[in-house]
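# Results of the structural survey
Listed here are the chains, written in short residue letters.
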Amino acid sequence: MKFALAVAAATLTAGAAAAGGYTPPVVEETPVIVTPEAPVMTGDWTGFYAGLQYGQGNAEVDGTNADSDFDAYGLHVGYNRDFGQFVLGGELDYNRVKLDETDEKGDLTRLRARAGYDMGRFMPYLTLGAARVSADVNGIDVKETGMTYGIGGDFKVTDKITLGAEYTRQQWDDVADVSGADLDADLFQVRASWRF
């Protein structure tokens, strides 16, 4: 009888343990959320580009009262080579120049070297080269080649389109073969370029 009671007690205890048996805790994993990445604009400035520019400036002849504001607009084409941190390149541009006071027009053509610093989407640069001016001012035929230098910056709106601004100074000595008649012109321009 004692044995039967012990078996019954063991059976009940085993049944109760099985009914409320151990279940391991459920561990919920954090879901992985995949966010689509925005297109990354590269900082590589290597390649050809072409575009338009417009600006205003001031020209004066040393030792005279000849001083005039002017508008300049035109086209540019160039090539840059990105060496990682530094960018070297060359550019040819043409500007149609219109003097404000006289409504006379001329041509300004420049061939320049550019040295820039790659900051990703922005590239500040220095420029140095030759400038050729051709104009007929007050009956004087001016055709001179001189020096140009300046500073500017380009910003990538997209990988193909850049916007920029640039300040340059142009200097010509002994204009129209007049000793000491040096022509200086300051020019500020905004630029838009297409990279290809």
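Below, the structure is looked at part by part. Remember, predicted model here, so these are calculated numbers, not experimental data.

## So, the overall build of the protein
A count of helices and strands for the protein gives 1 helix and 8 strands. Counting helices and strands in the order they occur from the N terminus, the protein gives α-β-β-β-β-β-β-β-β. Expressed as a percentage of the 196 residues in the protein, the buried residues total 32%. Excluding contacts between residues fewer than 6 apart, the proportion of contacts in the protein whose partners are at least 24 apart in sequence is 55%. With the model as given, the accessible surface of the protein reaches about 12,200 Å², and the carbon-plus-sulfur share is 65%.

## A short note on the pattern of salt bridges
Counted according to the given criterion, the structure contains 12 salt bridges. Of the charged contacts, one joins Asp107 and Arg96 as a salt bridge, the two residues approaching to 2.8 Å between their closest N and O atoms. Taken as a pair, Asp107 in strand 4 (residues 105-117) and Arg96 in strand 3 (residues 86-99) lie far apart in primary sequence, 11 residues in all. Overall, Asp107 belongs to the partly exposed group, its relative accessible area being 23%. One salt bridge connects Glu166 with Arg110, and the closest N-O pair in it is separated by 3.9 Å. Here Arg110 lies in strand 4 and Glu166 lies in strand 7 (residues 161-172), a separation of 56 residues in the sequence. A cluster of three or more residues bridged by salt bridges with shared partners is formed by Glu91, Asp93, Arg110, Arg112, Arg114, Asp154, Glu166 and Arg191.

## Looking at the pairing of strand 1 (residues 47-61)
With 14 bridges connecting them, strand 1 and strand 2 (residues 67-82) associate as antiparallel partners. The residue of strand 2 that forms the bridge with Asn58 is Asp69. Bridge count between strand 1 and strand 8 (residues 183-195): 13 bridges; the pairing is antiparallel. Within the sheet, the bridge partner assigned to Tyr54 lies in strand 8 and is Val190.

## Some remarks on the packing of aromatic side chains
Here the structure, examined in full by the defined rule, presents 3 aromatic pairs. Aromatic side chains Phe86 and Tyr117 sit 5.7 Å apart centroid to centroid with 70° between the ring planes, which places their arrangement in the edge-to-face category. Here Tyr117 lies in strand 4 and Phe86 lies in strand 3, a separation of 31 residues in the sequence. For Tyr117, a relative accessible area of 34% gives the class partly exposed.

## A short note on the sheet that holds strand 3
Backbone-to-backbone hydrogen bonds pair the strands of a sheet. The strands run either parallel or antiparallel. The antiparallel closed barrel is built from 8 strands, whose spatial order is 1-2-3-4-5-6-7-8. Strand-to-strand, the axes of this sheet are offset by a mean angle of 25°, without reference to chain direction. Alignment of strand 2 against strand 3, held across 13 bridges, turns out to be antiparallel. Across the sheet, Arg81 pairs through a bridge with Leu88, a residue of strand 3.

Definitions and limits used
Residues numbered from 1 in each chain as written. Predicted model: local features only at pLDDT ≥ 70, side-chain atom pairs only at ≥ 80, totals over all residues. Heavy atoms only, no water. Helix = DSSP H or I, 4+ residues; strand = E, 2+ residues; numbered from the N terminus. Buried < 20%, exposed > 50% of the residue type's maximum accessible area, 1.4 Å probe, protein only. Contact = heavy atoms within 4.5 Å. Areas by Shrake-Rupley, 256 points an atom, 1.4 Å probe, with all protein chains shown as cover. Salt bridge = Lys/Arg side-chain N within 4 Å of Asp/Glu carboxyl O. Pairing = 2+ DSSP bridges. Phe/Tyr/Trp six-rings, centres within 6.5 Å; stacked < 30°, edge-to-face > 60°. Axes fitted to C-alpha atoms, helices over the stretch in contact; angles between N-to-C directions.

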